[in-house]
Amino acid sequence: MQNLYSLENAQKFNWSSISGNLNPERVSHLEKYVVGKRILDAGCGGGAYVELLAQKGFEVTGIDKYEEFLQVAREQGRLGTYVQGDIISLPFPDKAFDCTYCFDVLEHVNDELAIKELARVTSKRLIIAVPREDTMMAKFGLAFNPYRDQTHLRYYTEDYLRQLAGSADCKDIEIIPEGFIPFELLFKEMLDKEKISNKLSPFVFRPTYRLKSRNVLIDRIFKKLTDILMEIIIDFDDVENILASYYLRAARYKRVNVGLIAVLNLEETNKI
């Protein structure tokens, strides 16, 4: 397991703290929820989010357990202060920071110990990002990126996050879904718009995406499973309108997300 915490693995899963390609959702969460002046990035990786806030005038410290990730920040000359250390035993005094954010770390460690430590060193607010438990795609044998990372020890539900927040003695918590899958773009790419059927189903895929076998019965099963999957993912306002449109312009897509943000207030006077 230890060798999976490597720069190579971080690049494979496109960690934005390493690549510098910041996730717009994460940026918006920081812009909305960060409070105070002294900020801690717990599990900062390559420091791209540390630099983002440092450029805005915050006093930001990034801490990470793995030196090779911190080395990326140094080599890139990223702004901020960087410290090597373990999230379950932070080398900072009590209430050293006004606000702490922790992206994609709790699923890798003892999360109850970690959140207590984060709360210990923070006076006002914690912002936590974790992968959401998959309740839809696994049954079809499909897995998005967060569910392919072998370093993950667990996935999260809203109920479990609220329970975890209780161990941090937070005064209130807001949980926001994030990591939305762009199904509309995905399925428009898969559809062969020139050959959409007006008889049984509008879902005709480009040859690249079609499941094929040498058995006619198995092909029928594939088609049926595909139709079931479409019905789960897509809410239809008007099937006839969809058929007439020749693509999914009239479909209303369910919002499927792979992540959760928890915003924990640690003081009564600073509610969300």
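Residues numbered from 1 in each chain as written. Predicted model: local features only at pLDDT ≥ 70, side-chain atom pairs only at ≥ 80, totals over all residues. Heavy atoms only, no water.

**Student:** Would you explain the pattern of salt bridges in this entry?
**Tutor:** Pairing is possible between side chains of opposite charge, provided their charged atoms come close. Evaluated as defined, the whole model comprises 11 salt bridges. Salt-bridge contacts for Asp86 lead to Lys65; the nearest nitrogen and oxygen are separated by 3.9 Å. Of this pair, Asp86 sits in the loop between β3 (81-84) and β4 (97-103) while Lys65 sits in the loop between β2 (59-64) and α5 (67-75); the two residues are 21 residues apart in sequence, bridging distant segments of the chain. Accessibility expressed as a relative area gives 43% for Lys65, which makes it partly exposed. Among the salt bridges present, the one from Arg120 reaches Glu117, with a minimum N-O distance of 2.7 Å. With Arg120 and Glu117 both in helix α6 (residues 111-120) and three residues apart, the pair spans about one turn of that helix. On the basis of relative accessibility, which here comes to 25%, the residue Arg120 falls in the partly exposed class. You can call Glu117 buried: its relative accessible area is 14%. Look at the salt bridges and you will find they share partners, linking Arg26, Asp104 and Glu178 into a network. (Salt bridge = Lys/Arg side-chain N within 4 Å of Asp/Glu carboxyl O. Helix = DSSP H or I, 4+ residues; strand = E, 2+ residues; numbered from the N terminus. Buried < 20%, exposed > 50% of the residue type's maximum accessible area, 1.4 Å probe, protein only.)

**Student:** Looking at this structure, I do not really get the packing of aromatic side chains. What am I missing?
**Tutor:** Aromatic rings in a pair are described by how distant their centres are and how their planes are angled relative to each other. All chains considered together, the criterion is met by six aromatic pairs. Geometrically, the ring pair formed by Tyr156 and Tyr160 is tilted, given 5.5 Å between the ring centres and 45° between the ring planes. With a relative accessible area of 0%, Tyr156 lands in the buried category. On the basis of relative accessibility, which here comes to 27%, the residue Tyr160 falls in the partly exposed class. Following the ring pairs from residue to residue traces out a cluster consisting of Trp15, Tyr66 and Phe69. Looking at Arg26, its charged tip hangs above the ring of Phe103, at a distance of 4.8 Å from the centre. (Phe/Tyr/Trp six-rings, centres within 6.5 Å; stacked < 30°, edge-to-face > 60°. Lys NZ or Arg CZ within 6 Å of the ring centre and 35° of its normal.)

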